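One-letter residues, chain by chain:
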Amino acid sequence: MLTHRQRGRRGDEHRPAPWVRTRLRSARAAAALTAVLAFVTVLTVTALPRATDRGANSALAAFAQDRGVKATSLHLTARPRPDTPAADLDSARDRLVGQITGDLPLTRDGEHHGTRALTDRAVLNDGYDRPGGIAPQLHLLYLQGLAGHATLTDGAWPGPAAPGEPLPIAVSRRAADTIGLRVGDTVDSGPAARARIVGLYRADDPHDRYWQELPCPERACLKTLDGGGVRWETAGFAAGDSRPALLAWGGGGEDFWRLPVDPHALRADRLAALRSGVGSYLAGSGAVRAAEVTGRPDLTIGTLLPEVLAEATARHRATAPLAAIGPAGVVGVAAVVLCLAAALAADRRTAELRLLRARGGSRAGILLRLLGENAVTVLPAAGAATALALVLLPTPRWTAAVLVAVAGTLLAVLALPVRVAALLSRPPGTGGPPEGARGSGRRRAVGELLVLAVTGAAVAEVRRRGAAPSASGPDPLLVTAPLLVALSGGLLLARIQPAVVGRLAALARRGRGPIAFLGLARSARDSGGRHRPAVLPALALLLAVTTAGFGATLLDTVDGARLRAARTAVGGDAAVLVPQDAPLPEAFVAAADALPGVRASTGVRIERQTYLLGAGRLAVQVTLVVVEPRAYAEIARTVGAGAFDPAVLADPAVLADAAPSDTAPSDAAPSDTAPSAAARPDVPVPALISPGLAGQLTPGPQRLRTPGGELLATVVGTTPATPALPEAVREFVVVPVGAAAARLPELARPDNWFAVGDIDGDRLRPLFAARGLADASGLAGLLREEAREVSEEPGGIPDGYLVRTARETAAALAADPLQHSTVRLFRSAAVAGVAFALLAVLLTVLRASPDRAAVLARLRTMGLRPREGLALIVAETVPQTLAAVAGGAVVAAGAVALLGPAFDLSLLVGAPVGDRPAPSLLPVLLPTAGVALLVCAAVVLEAAVSGRRQIATELRAGDRR
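Attention here is on the structure that accompanies the text. Every value quoted in this text rests on a predicted model; they were computed, and no experiment measured them. (Residues numbered from 1 in each chain as written. Predicted model: local features only at pLDDT ≥ 70, side-chain atom pairs only at ≥ 80, totals over all residues. Heavy atoms only, no water.)

Let's shift gears to the pairing of strand 18 (residues 709–718). On any regular strand, side chains alternate: one points to one face of the sheet, the next to the other face. For strand 16 (residues 685–689) and strand 18, the ladder comprises 5 bridges, and the chain directions are parallel. Its bridge partner lying in strand 18, Leu688 is registered against Gly717. By the bridge criterion, 5 bridges tie strand 17 (residues 702–706) to strand 18 in an arrangement that is antiparallel. By the bridge assignment for strand 18, Gln702 is matched with Ala713. Taking the residues that link successive antiparallel strands as the turn, the strand 17-strand 18 hairpin has 2 residues. (Pairing = 2+ DSSP bridges. Helix = DSSP H or I, 4+ residues; strand = E, 2+ residues; numbered from the N terminus.)

The structure is reproduced here in structure tokens:
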């Protein structure tokens, strides 16, 4: 008798081996390739949402950082409590931070708090520097943490104020040197308003956000007064224990706290929540809680954060469609690749699966085993890819990435069983059409018509309403519309291509050699011999090329619009603008005109305090633009702002003097600066006006009153814009400089210079610094040095003086982090899409390689030469590839024509523009040519390798396919 254990062992000997383990062991290479494909696909589709979030968050942080600490902070103020120590401000700050941190992310960078005097007082002491005779102004305040941001250079930090003694303060060393302050000086600001300077300090970092918004804390500032004149202003700092004396000095004051929001903690997907949180502290529960925790019922809160967050939200929504189109295209191509790999695997295992079915295997049992086989192969690879993407691209939001990873994993697992289920529904044979082929054809036609109808409806809706992104993300319809257009193009190509290639094969049959005919004939059939080539590889190529071409056209339109916007903003390719009371020297204008690359240039005089008299019942304020007509007309034509014929601005007085002359050459051009013009000041000068003035003019010559006198003008035409005034806020009049200067000589002194051509700003700026800024001394020199201190212009150019080039302006517009992030993401997605499309083609080529190798072997026995075998393979595979790539280019151009008007490119450009994407050859041609070259190279390489197979090996193996 056998024991129970012995019976169990004997039963194990006859138990069939597990399906999955046996299958994976027998096809290790196929299992490894499936795992690698799943890993790469899931890693890519999981990384895309993470990269999108990281790019949007970093761009938002940079945007908020650039707005400055004033715009991104909560500013809290309350009435001071003189009887409480300075530590009460510190504890109030701690309670506020603890309360607000739960709603808004705060940072210590740029934070400060303290007490400021209500009134600023003049320094009445004699002996201090007084430009224009006006006494310096002193701002006093207590600022917590001053010693941590400044270094004492002389004296001591202020201490408590003794009763009846002047208030001890510290001022900056730079301010003391400028005004003439010294340690030990008693600053007299009136009765009961005295302060003693006990220390001088130097700011550790004058550009530290800690100092921003304070009144000249690290130097003396030269302020221009509204009523005329200038004065020095600076800040003095008292100790916290001297707050009662500080308040007495200033006639009162206020406690203040500035709590900056951390830009690097802002998230683009939580902008709505951030706006809600900020709003609650302006007028809501947050403001109530802040007043309660500080014990200050009169606490007021102000901030510019709502405007900053609203602008950031608008920017994010505007760039979201382009940022999503690229990843959506990659996801579509990756899905096609997974389906193609499943289809090729099912076709390769058709004989095996039909044998199992013939030996009694149920269809459900076979599908479950295939599902288990795929799950064991795909799930570990997909899990590793998901984890790797989450680790390599950290970002707070992970839901979208995980959902995409799950969807990609399910598709990789289910694609093969679904394909096999469709394959097993066919009757046994040689891969003939499935049962009910006529009904199946009708269902396919209905499905294709449904896709075309959905695409047409989507395109019509997008064109009707334009881009309409929701508050939570990009507009799904706008993102999927290009993919639907590509899908429809793929279906149409699948219908057209067999007929076209078959027609080409019929034409090739009339030729001398059989290579072209055989290749084209095989290209018109799929692996089963039907007149239906593989749709999935062509669809993958179509999606990749359409997405790349569509996005490239958008980016090309953005680049062109940005350059035009820069030219419009500058007024040409280069411009120099100076204050009206400081005209450009003639030496600079002549030297600038001679710079390399200048095609046309002119000095321009702009008189903003000009009035048109007699227009209606009242004088109308206009801007008078005095130009040299020929050069200015060329600039206007190049910029595209108010082009005009320079002949219309010819001076009538000059023409009258020149007309009777019989000795003058017939082609001589009249000169706008002829001396005879000066002899006829009663003759009106010709003028171009803005359209808004046309309906307000009285008959006859118009009277223009400038600060220097009156000028008669005859209107010779209208122009909608003019380069010198890119954003005109009032009506304008353009007159020629020769005729105008003959009547009013001061109009010959230009205060602007405009030019077009290839002009280098690095040459123009030093030239202006050397010749455009005349030496100044006294008060003018002080004003210029102060302008240099606050100027953001490079090269030591004072504030109020601008040297600009269109090239630098366009670069500044393109330097926006959100634009960089969007463009970088799209280009990365385009490369990934092309890579997946190339993989789809390679899978198809490799799957058909054994069959082609057998055909080549047979043809070689009939005298086919190796070079002809390579030509045969190329003739078979390249037409399908080129057709798909060319179809993608056509579809991309069509998608741009259909969907381009829905895209607003202003935020991508960086300035308001009216440009809309339109089909263009070069942006579509470049990615199309690149994809075609890559795919054809891969096909030729595979053909060269398969063409070297040994004929004997193929013939001995027999036709197993």
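Moving on to the side chain of Asp208. Within the secondary structure, Asp208 is located in the loop between strand 8 (194–203) and strand 9 (221–224). Aside from chain neighbours lying at most four places away, what touches Asp208 is Asp109 and His149. (Contact = heavy atoms within 4.5 Å.)

Right, let's talk about the packing of helix 11 (residues 363–392) against helix 12 (residues 399–424) for a bit. Axis separation between helix 11 and helix 12 bottoms out at 9 Å; the angle between their running directions is 160 degrees. Judged by the angle between their axes, helix 11 and helix 12 are roughly antiparallel. Handedness of the helix 11/helix 12 crossing: right-handed. Mapping the contact onto sequence places Arg363, Ile366, Leu367, Leu370, Leu371, Asn374, Ala375, Val378, Leu379, Ala382, Thr386 and Leu390 in helix 11 and Ala401, Val402, Ala405, Thr409, Ala412, Val413, Leu414, Leu416, Pro417, Val420, Ala421 and Leu424 in helix 12. Considered class by class, the residues forming the contact of helix 11 with helix 12 number 20 nonpolar, 3 polar and 1 charged. (Axes fitted to C-alpha atoms, helices over the stretch in contact; angles between N-to-C directions. Parallel < 35°, antiparallel > 145°, perpendicular 65-115°, else oblique. Left-handed = near helix turned anticlockwise from the far one by under 90°. Nonpolar A, V, L, I, M, F, W, Y, C, P; charged D, E, K, R; others polar.)

Before going further, it helps to spend a moment on the state of the cysteines. Under the counting rule described, the total for this entry stands at 1 disulfide. Note on cysteine connectivity: Cys216 is disulfide-linked to Cys221, with sulfurs 2.1 Å apart. Taking the sign of the S-S torsion, about -130 degrees here, the bridge from Cys216 to Cys221 comes out left-handed. When sorted by exposure, Cys216 lands in the same class as Cys221, which is buried. (Disulfide = S-S within 2.5 Å. Buried < 20%, exposed > 50% of the residue type's maximum accessible area, 1.4 Å probe, protein only.)

Scanning the entire structure with this criterion turns up 7 aromatic pairs. Between Tyr201 and Trp211, the ring centres sit 6.3 Å apart and the planes meet at 5 degrees, which makes this aromatic pair stacked. A residue pair is termed long-range when its members are at least 10 positions apart, and Tyr201 in strand 8 and Trp211 in the loop between strand 8 and strand 9 qualify at 10 residues. For Trp211, a relative accessible area of 4% puts it in the buried group. With a centroid separation of 6.3 Å and an interplanar angle of 40 degrees, the aromatic rings of Tyr632 and Phe644 are classed as tilted. Linking Tyr632 in helix 18 (residues 629–639) with Phe644 in the loop between helix 18 and helix 19 (652–658), this pair joins segments that are 12 residues apart in sequence. Phe644 shares its class with Tyr632; the two are buried. (Phe/Tyr/Trp six-rings, centres within 6.5 Å; stacked < 30°, edge-to-face > 60°.)

Don't take any of this as a statement about function, it's just geometry.
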